[in-house]
Amino acid sequence: GILDWRRAEALLEKLPSAEAAYEDRCSNAARVATMLAAHPRVSQVFHPSLQDHVDSETIASHYKLPGSLLSFRLEGADEDATKHFCDVLATCVILRYALSFDGLTTKLNHHGTVSEYFTPPEELGRLGIDRLVRIGIGLEKADDLIACLNWALWNHEQVSDDELDNWRESRSRDLGIYPEAKDD
């Protein structure tokens, strides 16, 4: 649609702060990618700020910033272990499960479960998109995101499915998503 002058002025007024926020998000994504690339429990990291990214030179020559989206694979993890890692990482609450990466909060998804739910695992592997953890960096501090990721990388194998189910149930109750039935 076409903006009226009031909305256009409101947008123009906020553009400088939006640009600064995006620059922070891109910087934080580069810091997170660098940490993940050096982590012994991570086998691959995909972010244009890293020199080994297939498009790093092209991105650097054509774009001002490398973006706030990144993905990675866990060392030696299959699709189920990758999903379990994402489930454990989500318990840190700073990174939230999401279907898309819009908005200003850091979003997480397990590519095989969210974006490619109906694609058979062997097809994911053939396409080179298997076992991916994807993160859209939001406005949270890089140090907080790194702390959550580091904790989950070192501890996800010790968290049982029952513990995750209990956490989900408790979290749902706390948020009022599934309130307990009341006696009539």
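Residues numbered from 1 in each chain as written. Predicted model: local features only at pLDDT ≥ 70, side-chain atom pairs only at ≥ 80, totals over all residues. Heavy atoms only, no water.

With that out of the way, let us pick up the sheet that holds strand E2 (residues 69–74). An order of E1-E2-E5-E4-E3 is seen for the 5 strands of this open sheet, with the pairing classed as mixed. Looking along the sheet, the strands with just one partner apiece sit at the ends: strand E1 (42–46) and strand E3 (96–97). Direction of pairing for E3 relative to strand E4 (residues 107–110): parallel, over a ladder of 2 bridges. Within E4, the position partnered with Tyr97 by the bridge is Leu108. (Pairing = 2+ DSSP bridges. Helix = DSSP H or I, 4+ residues; strand = E, 2+ residues; numbered from the N terminus.)

Here a disulfide denotes a covalent bond joining the sulfur atom of one cysteine to the sulfur atom of another. For the structure on display, the rule yields 0 disulfides. In this structure Cys92 is not part of a disulfide, and its nearest cysteine sulfur, from Cys148, lies 4.1 Å away. Using a relative accessible area of 22% as the deciding quantity, one classes Cys92 as partly exposed. (Disulfide = S-S within 2.5 Å. Buried < 20%, exposed > 50% of the residue type's maximum accessible area, 1.4 Å probe, protein only.)

Now for the pattern of salt bridges. Counted according to the given criterion, the structure contains 11 salt bridges. Between Asp102 and Lys107 there is a salt bridge, with its nearest N and O atoms 3.5 Å apart. In this structure, Asp165 and Arg168 form a salt bridge, with 2.8 Å as the shortest nitrogen-oxygen distance. In this pair, Asp165 and Arg168 both sit in helix H7 (residues 161–175), 3 residues apart, roughly one turn of the helix. For Arg168, a relative accessible area of 32% puts it in the partly exposed group. (Salt bridge = Lys/Arg side-chain N within 4 Å of Asp/Glu carboxyl O.)

Bringing the side chain of Glu79 into the picture now. The residue Glu79 is located in helix H3 (residues 79–90) in this model. For Glu79, the side chain forms a polar contact with the side chain of His110, separated by 2.7 Å. (Polar contact = N/O pair within 3.5 Å; in protein donor to acceptor, adjacent residues only side chain to side chain.)

A word on the packing of aromatic side chains. Scanning the entire structure with this criterion turns up 1 aromatic pair. Relative to Phe85, the ring of Phe72 has its centre 6.0 Å away and its plane inclined at 80 degrees; by these criteria the two rings are edge-to-face. You can see Phe72 sitting in strand E2 and its partner Phe85 sitting in helix H3, a full 13 residues away along the chain. One exposure class covers both Phe72 and Phe85, and it is buried. (Phe/Tyr/Trp six-rings, centres within 6.5 Å; stacked < 30°, edge-to-face > 60°.)

So, on to the layout of surface pockets. Counted as a void, the largest pocket has a volume near 420 Å³. Lining the largest pocket are 17 residues, with Ala90, Tyr97, Trp167, Arg168 and Arg171 positioned closest to its centre. For the lining of the largest pocket, the elements supplying multiple residues, two or more each, are H3, E3 and H7. Looking at which element gives the most residues to the lining of the largest pocket, the answer is H7, with 6 residues. In terms of residue class, the lining of the largest pocket is built from 9 nonpolar, 3 polar and 5 charged. (1 Å grid on protein atoms, 1.4 Å probe; cavity = no way out; pocket = protein on both sides within 12 Å on 5 of 7 lines; lining within 4 Å. Points joined across faces, edges and corners; volume = space filled by probe spheres on them. Nonpolar A, V, L, I, M, F, W, Y, C, P; charged D, E, K, R; others polar.)

One non-glycine residue, Val93, lies in the positive phi region at around 75 degrees. Relative to the helices and strands, Val93 resides in the loop between H3 and E3.

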